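# Structural characterization, general
Residues per chain are reported as follows:
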Amino acid sequence: MGNRVKGRQKKKSIKAAVHSGMATHRKLSRMGKNRKKDHAGLDATFIGRARVLKKLQISLKDFRRLCILKGVYPREPRGRAPRNKKGQVFYHIKDVKALAHEPLLEKFREFKTFMKKVRRSANRNEKDEARRKQLMAPKYTLHHLVRERYPRFADALGDLDDALCLVNLFACLPSDGRIQANITRKAQVLAASWGAYCATTGSIVKSFISVKGVYVEADIMTSGQSVPVRWVTPHNFTQHVPEGVDFRVMLTFFEFYETLLGFVLYKLYGELGVRYPLPTVATTDSNGSDGSSNIISSATLHPTLGGKASSLLAANLSALQMALNEASKGNSAADAVKDAVGKEEKSAEATNQEDKKVTKANKKKQKKLMQSIDEALEGVKEDDDSDVSDNDDDMDQDDEEQAPIAAPLREALEAIDDNTDQNDEGVIQIITDPEAQKRHQLFHNLTFFLSREVPRGYLELIILSYGGRVGWEGQDSPVAMNDSTVTHHVIDRPKLLPSYAKLPKSREYVQPQWILDCANFNFVLPITKYAVGSELPPHLSPWVDDKEEGYVPKYKEEVERLRNGEMLDDVSDDEQRIETEANDGKNESSSESEKQEPPAKVLQKDSEVQEEDGREEEGSESSEEEEDDEKAERKVLNKKRTEDEEAAHLAKALMSKKAARLYGRMQHGIAQKQAKVDNLHKKRREIDSSREKSKDGKTQLKQKVERLKKERQDKESAYSETGGSMKKKRRKR
């Protein structure tokens, strides 16, 4: 026992832990619990791709498809990487759990087992059995994913940019390799359906031609708010498919975007009263022997599916207009008026049930009134002329009784006029946004004809969206080439062909850029700068904010002056040359006449010259006074500038180090922006000075080239006198 006293507790060793004498609860509250590995922290929150594949028990190919369709992407952990594994791909544990409960995962597993059965039959050389099983492949839909990822319609419209870009890209790609023909057809149909909706509602607001393609932006109205949608249409060139692109990933994105666009178009077309997808169009022939219309062919909307139309957009647009016409027949103006009249009669009967009773005479008058209303509305639909009723005297006597019927009639007609606009050709355009109505009037009553070298896709979309008519070289064109109603002939050639001399003289020949510039400025520009073969003005981007950039291009200033009704003071170079030659001729004639005048007239002219000299002296004195005033103002401005600089320097000295650094970075950014603006102004001055011409009609740039050539020749001649030569000797091969 040693020195230990009996009954006394043994003392703990100095090397023992502090918590060795604590109870369990006290130890947990003070020291915490030893956690197991991969159960907390970054290691449990973020897991690598290999662990995810092992957890879900699927292949890498199916995992990529599932992530793209589900909208799950890798995440980068904040701070350090789990287990210090830098450069590895990590996924969040919540995303992995969502993938584990996805119904598509079970479909992928079913398809895997199905393909095993098909391969087994194929390996046994049972081809008929393999074909039979191929028809029994499991199928799946992505509708639940669209509803899950986009709970609101505005969310789907906001994410439509990438979908439209990819769809327009697949519509231009050739059907080769992994890109099958049906994929290209689907992309073309979706792009044409979207373009038909934008053209019908006048949604296109901005467009710009760049090297990558044509950027287009549309404002889609939904739930009273405007959602901008921007996409890129590739140029209509022969596309060379690169080898390094993984089209499996792109096709998976296209599979999801196809479903998304179907949902969006169904919703948008439903708001117009049209069911999507559009029905087929039956072409009729009314030149039969009995005068009846016979259906000669059932041409589909899409030529790639066997139809005859050469323009998908025009075919979809015609089908949409036909559907709108059919929808408008079901909801006629007379029905709207009758509904409004019925509601008004019910409210009137409820309020005046005790005071007044409807007599037989009043009922007879209301019946006659309804008949006259129906006849008037039918006349408005056909000839915009209404027949006058024979019972005007009786109707004038009872104005108070007819007032509740005239009010709903007026409201219904105003609602119909606001929502539908039917032109002479029977084309119904449903535009509810006032801004869209203004845009739709830009090319109103203008007819465009596109030459065969002009890209038709985006030009056709923009022209139709802004209210114009369009035709092209083809059998299915709604406008012929020699039609007298054509106002603008769009050509992309250096000069006109001799065959164009036979066309009507009432049309204007313009380049394609004129259409986009007019649409961006929302103003019909003069065509002098866009004539065939002329140098085009700069094509300005509509997405650049000039106020924020601090620089307004010269051409935009000219357009703004034209929109404000101002006349441009720019005179052409030929007119300037003619004016200078005329002034030189006048000076020469005046000198010759002075030689032939008598001495009396010469004395009289000398006195007039002396008077003018006196006036010039007075003017010089006033100009000196003005210069003195300007110098005084300049001194005041310089003094104020120096005071401001001193105050700014003093304020900066009183700042803390952190605030001074922030202020320095702000001033550095402002200085960079101002330097960029100054550089633009400098380039603009150089361009303007190079375009100015001398009396000989040569620009300053040409004069500079000639001067440098002359200096070079003088140096060569001076050097040749010494026996040398500045010309380079050709090397002998």
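Please refer to the structure higher up on the page.
Right, let's walk through the structure included here. (Residues numbered from 1 in each chain as written. Predicted model: local features only at pLDDT ≥ 70, side-chain atom pairs only at ≥ 80, totals over all residues. Heavy atoms only, no water.)

### A short note on the sheet that holds strand 3 (residues 204-209)
If you walk across this open sheet you meet the 3 strands as 3-4-5, and the pairing is antiparallel. If you trace the sheet from one side to the other, it starts and ends with strand 3 and strand 5 (225-233), each paired once. The sheet shows a mean angle of 15° between the axes of neighbouring strands, taken without regard to direction. Relative to strand 5, strand 4 (residues 214-222) runs antiparallel, the two sharing 9 bridges. (Pairing = 2+ DSSP bridges. Helix = DSSP H or I, 4+ residues; strand = E, 2+ residues; numbered from the N terminus. Axes fitted to C-alpha atoms, helices over the stretch in contact; angles between N-to-C directions.)

### A short note on the pattern of salt bridges
Across all of its chains, the model carries 16 salt bridges by this definition. Close ionic contact of Glu106 with Arg109 constitutes a salt bridge, the shortest N to O distance being 3.8 Å. With a gap of 3 residues between them, Glu106 and Arg109 both fall in helix 6 (residues 103-123), about one helical turn apart. For Glu106, a relative accessible area of 43% puts it in the partly exposed group. Ionic pairing is found between Glu129 and Arg132, a salt bridge with its closest N-O pair at 2.5 Å. With Glu129 and Arg132 both in helix 7 (residues 127-134) and 3 residues apart, this pair spans about one turn of that helix. Each of Lys70, Glu102 and Glu148 takes part in a single network of salt bridges with overlapping partners. (Salt bridge = Lys/Arg side-chain N within 4 Å of Asp/Glu carboxyl O. Buried < 20%, exposed > 50% of the residue type's maximum accessible area, 1.4 Å probe, protein only.)

### With respect to the packing of aromatic side chains
For the structure on display, the rule yields 17 aromatic pairs. Lying over the aromatic face of Phe153, Lys267 brings its terminal NZ or CZ to 5.9 Å of the ring centre. (Phe/Tyr/Trp six-rings, centres within 6.5 Å; stacked < 30°, edge-to-face > 60°. Lys NZ or Arg CZ within 6 Å of the ring centre and 35° of its normal.)

### A short note on helix 10 (residues 160-172)
Its 13 residues place the ends of helix 10 19 Å apart at the C-alpha level, agreeing with the 18 Å of an ideal helix rising 1.5 Å per residue. Packed against the buried residues of helix 10 are helix 9 (153-158), helix 11 (181-201), strand 5 and helix 12 (247-271). (Expected span 1.5 Å × (residues − 1). Contact = heavy atoms within 4.5 Å.)

### Concerning a positive patch on the surface
A contiguous patch of positive charge, built from Lys61, Lys112, Lys116, Lys117, Arg119, Arg120, Arg124 and Arg178, is present on the exposed surface. Among the elements that line the positive patch, the one with the most residues is helix 6, at 5 residues. For Lys117, a relative accessible area of 45% gives the class partly exposed. (Patch = residues over 30% accessible without salt bridge, like charges linked within 9 Å, V, L, I, M, F, W, Y side chains within 5 Å. Areas by Shrake-Rupley, 256 points an atom, 1.4 Å probe, with all protein chains shown as cover. Lys, Arg positive; Asp, Glu negative; His and termini not counted. Charge placed at Lys NZ, Arg CZ, Asp CG, Glu CD.)

### Describing the side chain of His488
In this structure, His488 sits in strand 12 (residues 488-490). Since its relative accessible area comes to 9%, His488 is described here as buried. If near-sequence neighbours (up to four positions away) are discounted, His488 is found in contact with Leu446, Thr447, Phe448, Phe449, Glu508, Val510 and Trp514.

### Here's the deal with helix 22 (residues 554-563)
Side chains of residues three or four places apart in an α-helix project in the same direction, reflecting 3.6 residues per turn. Residues of helix 22 that are buried: Tyr555, Glu558 and Val559. Taken down its axis, helix 22 places every buried residue within 95° of arc, on the same side. Buried residues belonging to helix 22 abut helix 20 (513-521). (Arc of directions from axis to C-beta.)

### Focus on the packing of helix 10 against helix 11
The N-to-C vectors of helix 10 and helix 11 enclose an angle of 125°; their axes lie 8 Å apart at closest approach. Relative to helix 11, helix 10 is oriented oblique. In this structure, helix 10 meets helix 11 at a crossing whose hand is left-handed. Counting all contacts with helix 10, which are made through Leu160, Leu164, Val167, Asn168, Phe170 and Ala171, the residues of helix 11 involved are Ile183, Thr184, Ala187, Gln188, Leu190, Ala191 and Trp194. Considered class by class, the residues forming the contact of helix 10 with helix 11 number 10 nonpolar, 3 polar and no charged. (Parallel < 35°, antiparallel > 145°, perpendicular 65-115°, else oblique. Left-handed = near helix turned anticlockwise from the far one by under 90°. Nonpolar A, V, L, I, M, F, W, Y, C, P; charged D, E, K, R; others polar.)

### Here's the deal with the nonpolar core
The tendency in soluble globular proteins is for nonpolar side chains to be buried as a group. Within the largest apolar cluster, 96 residues are counted, with the highest numbers of intra-cluster contacts made by Leu160, Phe170, Trp194 and Trp231. Per-element tally for this core: the top contributor is helix 12, with 12 residues. Excluding residues that lie within four positions of it along the chain, Trp194 makes contacts with Leu160, Leu164, Ile220, Val229, Trp231, Val264, Leu265 and Leu268. (Core = buried A, V, L, I, M, F, W, Y, C linked by side-chain atoms within 4.5 Å.)

### Considerations on the side chain of Asp62
Considering the arrangement of structural elements, one finds Asp62 in helix 4 (residues 60-70). Within the buried set, Asp62 has no salt-bridge partner at all; the shortest N-O distance to an opposite charge, 4.8 Å, is to Arg65. Separated by 3.4 Å, the side chains of Asp62 and Ser59 make a polar contact. (Polar contact = N/O pair within 3.5 Å; in protein donor to acceptor, adjacent residues only side chain to side chain.)

### Overview of a negative patch on the surface
A cluster of acidic side chains, namely Glu624, Glu625, Glu626, Glu627, Asp628, Asp629, Glu630 and Glu633, defines a negative patch on the protein surface. Within the element layout of this structure, Asp629 appears in helix 24 (residues 599-653).

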